[in-house]
Amino acid sequence: MVKYYGYLVSDSWLHQRAVDVGYPPAKTPQDSRDIINLASRDVMAATSILSYTRFHRVKTPKGKYFWCIAFACDDPFAAGERLSTYAPPEAKYKALKEALGKDGPPHWYRAI
């Protein structure tokens, strides 16, 4: 079971981020998927973390599904991940933490 270390992001937050930066609201399921991808890349680029993070779907311990902007992966052999296997120092995630309005550090979440 692969786990990712990062911050959770909801579909609704990503849709709002897209609208805030000028994308039109999604009208179809395909639009929604496109908006989620564009908004995730936008927030990762705006916080200067795009080069060392990945975007994955994860499941919380309570069984809820979210997107995760991941800084690390517990499986060093995960194909194409190129993520650290260690949690990064706060300096690496501070800008994203502030952009998302989070209080604490990232956490580990199970990939789906």
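Engineer: I would appreciate a short explanation of the overall build of the chain in the present structure.
Structural biologist: Within the chain one finds three helices and four strands. The order of α-helices and β-strands along the chain, N terminus first, is β-α-α-β-β-α-β. Relative to its length of 112 residues, the chain is compact, with a C-alpha radius of gyration of 14 Å against a globular reference of 13 Å. Here the C-alpha coordinates of the chain stretch approximately 40 × 30 × 30 Å along the principal axes. Residues classed as buried in the chain amount to 35% of the 112 residues present. Contacts in the chain between residues at least 24 apart in sequence constitute 63% of all its contacts with a sequence separation of at least 6. When the accessible area of the chain is evaluated, it comes to approximately 6,700 Å², of which 53% is carbon and sulfur surface.

Engineer: Please clarify how the pairing of strand E2 (residues 54–59) should be interpreted in this entry.
Structural biologist: Within a regular strand, the side chains alternate between the two sheet faces. Two strands pair when backbone bridges link them, and E2 and strand E3 (residues 65–73) are joined in this way by six bridges, in the antiparallel orientation. Paired with Arg 54 across the bridge in E3 is Ala 70. Adjacent in sequence and paired antiparallel, E2 and E3 are bridged by five residues, among which Gly 63 carries a positive phi angle near 90°. With two bridges joining them, E2 and strand E4 (residues 107–111) adopt antiparallel strand pairing. Opposite Lys 59, over in E4, you have Arg 110 as the bridge partner.

Engineer: What's the story with unusual backbone geometry in this structure? I'm lost.
Structural biologist: Of all residues except glycine, most have a negative phi; of all peptide bonds, most are trans. The residue Ser 48 is not glycine, and still its phi comes out positive at about 60°. By secondary structure assignment, the location of Ser 48 is in the loop between helix H2 (29–46) and E2. A relative accessible area of 56% places Ser 48 in the exposed class.

How each quantity is defined
- Residues numbered from 1 in each chain as written.
- Predicted model: local features only at pLDDT ≥ 70, side-chain atom pairs only at ≥ 80, totals over all residues.
- Heavy atoms only, no water.
- Helix = DSSP H or I, 4+ residues; strand = E, 2+ residues; numbered from the N terminus.
- Rg over C-alpha atoms; globule rule 2.2 N^0.38 Å.
- Buried < 20%, exposed > 50% of the residue type's maximum accessible area, 1.4 Å probe, protein only.
- Contact = heavy atoms within 4.5 Å.
- Areas by Shrake-Rupley, 256 points an atom, 1.4 Å probe, with all protein chains shown as cover.
- Pairing = 2+ DSSP bridges.

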